[in-house]
Amino acid sequence: MHEALLSWAAERGRDLPWRGTRDPWAVLVSEAMLQQTQVARVVPRYRAFMKRFPTPAACAAAPVADVVRAWAGLGYNRRAVNLHGAAVVAVARHGGALPGDLDALLALPGVGPYTARAVLAFAFAADVGVLDVNGQRVLSRLIGRPVAQPDADALVPPSRGWAWNQAVLDVGATVCRPRPRCDGCPLSPHCAWLAGGLAEPDPWRRGPRQSTFAGSDRQGRGRLVDALRAGPVTRADLAATAGWPGERERAERVAQTLVADGLAVAGPDGDLELPR
Ligand code: SF4
């Protein structure tokens, strides 16, 4: 099974810019961007971001506002604030480098179990399983039940953590889609769900669906941060800028969440700007 998947990936795996590096900072940046954002959208922004902030020190030395501006087009802007926070911790506690152990990675702002293991596998070549939504789908179907972290770790072939995890992600992104294309799948001879005739229920349990974006608070937050990248927004303009001209209270409540998340600072009169 290992050889089948690794050979398939060597021929069919995706060529992505962050796969050519083992730099932990570059891996962290790519993983932060890839959460909730499609690969095609991430590629040009990843290149631009790494050019601008090639090291944790370069990022930590910049104002948060510059990092938020560099995040334009990626959405979920809190990730930019967290990335800046991780860079600050790397400089303050780890000599400007990202740490190579799980607990220290988990202590960085915005780094959860998935991202920490991705940095370990993709930068430090550790034999740990990387379980994003694609990995969960592939491995759950492969073993015929919802995959847990110890299952994913046990499936990694020794010393092949980098290649195995990239290959699993590629299978999930290309053939083991929500609607699987088992004919072209290198794991098909070993797949428990396929052996059982793809019987329902699918062993991959979908997480809660993302609520609709249009008209949501998240859309208003995004509009406010987009405006803040260009300059301060006055309190009087908050509602219109958020896209809710008649909903001043809602706009002010959402503005407060931006302040609480470190994405904006409020002046005494309620005007907003990016943090310095
Ligand atoms: Fe997914 Fe089908 Fe491959 Fe199983 S055989 S891992 S269900 S694509």
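Numbers given for residues are sequential positions, taken from 1 along each chain in its written order. The predicted origin of the model limits local features to residues at a pLDDT of at least 70 and limits the giving and counting of side-chain atom pairs to 80 or more, whereas totals for whole chains, interfaces and linings rest on all residues. Hydrogens and waters are ignored; side-chain quantities use all the structure's heavy atoms.

Student: Whenever I open this one, the environment of Gly 75 confuses me. Can you help?
Tutor: If you trace the backbone, Gly 75 turns up in the loop between helix H5 (64-70) and helix H6 (78-93). Per-residue accessibility, obtained with a 1.4 Å probe over protein chains only, is compared with the maximum for each type, and a residue is labelled buried under 20%, exposed over 50%, and partly exposed between these values. Overall, Gly 75 belongs to the partly exposed group, its relative accessible area being 28%. As a C-alpha pair, Gly 75 and Gly 215 span 140 residues in sequence and 15 Å in three-dimensional space. Comment: elements are numbered from the N terminus, with helices defined as DSSP H or I runs of at least four residues and strands as E runs of at least two.

Student: For this particular structure, what's the right way to read the packing of aromatic side chains?
Tutor: What characterises a pair of aromatic rings is the spacing of the ring centres plus the angle enclosed by the ring planes. Two rings from Phe, Tyr or Trp (for Trp, the six-membered ring) form a pair when their centres sit within 6.5 Å of each other. Planes less than 30 degrees apart are called stacked, planes more than 60 degrees apart edge-to-face, and all others tilted. Applying the stated criterion across every chain, the model contains 3 aromatic pairs. Plain terms: the ring middles of Trp 18 and Tyr 46 are 5.3 Å apart, the flat faces sit at 80° to each other, and that makes the pair edge-to-face. Here Tyr 46 lies in helix H3 (residues 39-52) and Trp 18 lies in the loop between helix H1 (2-12) and helix H2 (24-34), a separation of 28 residues in the sequence. Note on Trp 18: relative accessible area 7%, which makes it buried.

Student: Would you mind showing me how to read the side chain of Arg 250 here?
Tutor: Looking at the secondary structure, you find Arg 250 in helix H15 (residues 248-260). Within 3.5 Å is the distance limit for a polar contact, defined as a pair of N or O atoms, with the added protein rule that one can donate a hydrogen and the other accept it, and that residues adjacent in sequence qualify only through two side-chain atoms. Here Asp 217 takes part through its side chain, which lies 2.9 Å from a polar atom of the side chain of Arg 250. If we skip the residues at most four places from it in the chain, Arg 250 touches Gly 215, Ser 216, Asp 217 and Trp 244. Only heavy atoms matter for contacts: two residues are in contact if any of them lie within 4.5 Å across the pair.

Student: It is not clear to me how the pattern of salt bridges should be interpreted in this structure. Could you clarify?
Tutor: Oppositely charged side chains may form a pair once their charged atoms are brought near each other. Put simply, a salt bridge is a Lys or Arg side-chain nitrogen that is within 4 Å of an Asp or Glu carboxyl oxygen. Scanning all chains against the criterion turns up 15 salt bridges. Arg 78 is paired through a salt bridge with Asp 261; the nearest N and O atoms lie 3.5 Å apart. With Arg 78 in helix H6 and Asp 261 in the loop between H15 and strand S1 (265-266), this pair connects stretches of sequence that are 183 residues apart. Linked by salt bridges that have partners in common, Asp 217, Glu 247, Arg 250 and Arg 253 make up one network.

Student: Would you mind going over the side chain of Thr 115 with me for this structure?
Tutor: For Thr 115, the position within the fold is in helix H8 (residues 113-124). Judged by its relative accessible area of 5%, Thr 115 is buried. Aside from chain neighbours lying at most four places away, what touches Thr 115 is Leu 28, Glu 31 and Gln 35.

Student: I keep staring at H15 and nothing clicks. Help me out?
Tutor: An α-helix turns once every 3.6 residues. As a result, residues three or four positions apart point the same way. Here H15 spans 18 Å end to end across 13 residues, near enough to the 18 Å set by a 1.5 Å rise per residue. By the burial criterion, the buried members of H15 are Arg 250, Ala 251, Glu 252, Val 254, Ala 255 and Leu 258. On its buried side, H15 packs onto helix H13 (217-230), helix H14 (238-242) and strand S2 (272-273). Positioned one or two residues after H15, Gly 262 has a phi angle of 80°, which is positive. Expected helix span is given by 1.5 Å per residue-to-residue step, counting one fewer step than there are residues.

Student: Where do I start with the site of the ligand in this structure?
Tutor: For this description, a residue counts as near a given molecule or strand if any of its non-hydrogen atoms is within 4 Å of it. Near the ligand the following residues occur: Arg 141, Val 175, Cys 176, Pro 180, Cys 182, Cys 185, Ser 188, Cys 191, Trp 193 and Leu 194. Amino acids are sorted into nonpolar (Ala, Val, Leu, Ile, Met, Phe, Trp, Tyr, Cys and Pro), charged (Asp, Glu, Lys and Arg) and polar (every other residue, Gly among them). Residues that form the shell around the ligand fall into these classes: 8 nonpolar, 1 polar and 1 charged.

Student: When you look at the domain arrangement of the chain in this model, what are you seeing that I'm missing?
Tutor: Interface size is commonly expressed as the accessible surface area that is lost when the partners come together. The domains assigned to the chain are domain 1 (1-12 + 127-207), domain 2 (23-124) and domain 3 (217-273). Once you take the C-alpha centre of each, domain 1 and domain 2 turn out to be 26 Å apart. Each partner contributes to the interface: domain 1 provides 11 residues, whereas domain 2 provides 6 residues. By convention, the term buried area covers the 1.4 Å-probe accessible surface removed from two parts as they join, with the contributions of both added. Taking both partners together, domain 1 and domain 2 bury about 700 Å²; carbon and sulfur atoms supply 73% of that area. When residues of domain 1 are sorted by the area they lose upon contact with domain 2, Val 128, Val 130 and Trp 162 head the list and together hold 53% of the total. Scanning the region where domain 1 abuts domain 2 turns up 0 salt bridges. Where domain 1 packs against domain 2, one counts 1 residue pair in polar contact (both at pLDDT 80 or more). Of all the elements, helix H11 (residues 161-174) adds the most residues to the side of domain 1 that touches domain 2, at 5 residues. Among the residues making up the side of domain 1 that touches domain 2, the classes are represented as 5 nonpolar, 5 polar and 1 charged. Residue ranges assigned to each domain were obtained from an automatic or database domain assignment.

Student: For this particular structure, what's the right way to read the nonpolar core?
Tutor: Considering soluble globular proteins, one finds that nonpolar side chains tend to be buried as a cluster. Within the largest apolar cluster, 61 residues are counted, with the highest numbers of intra-cluster contacts made by Trp 25 and Phe 49. Going through the elements one at a time, H2, H3, H5, H6, H8, H13, H14 and H15 are the ones with two or more residues in this core. For this analysis, a nonpolar core means a set of buried residues of the types Ala, Val, Leu, Ile, Met, Phe, Trp, Tyr and Cys, connected via side-chain atoms within 4.5 Å.

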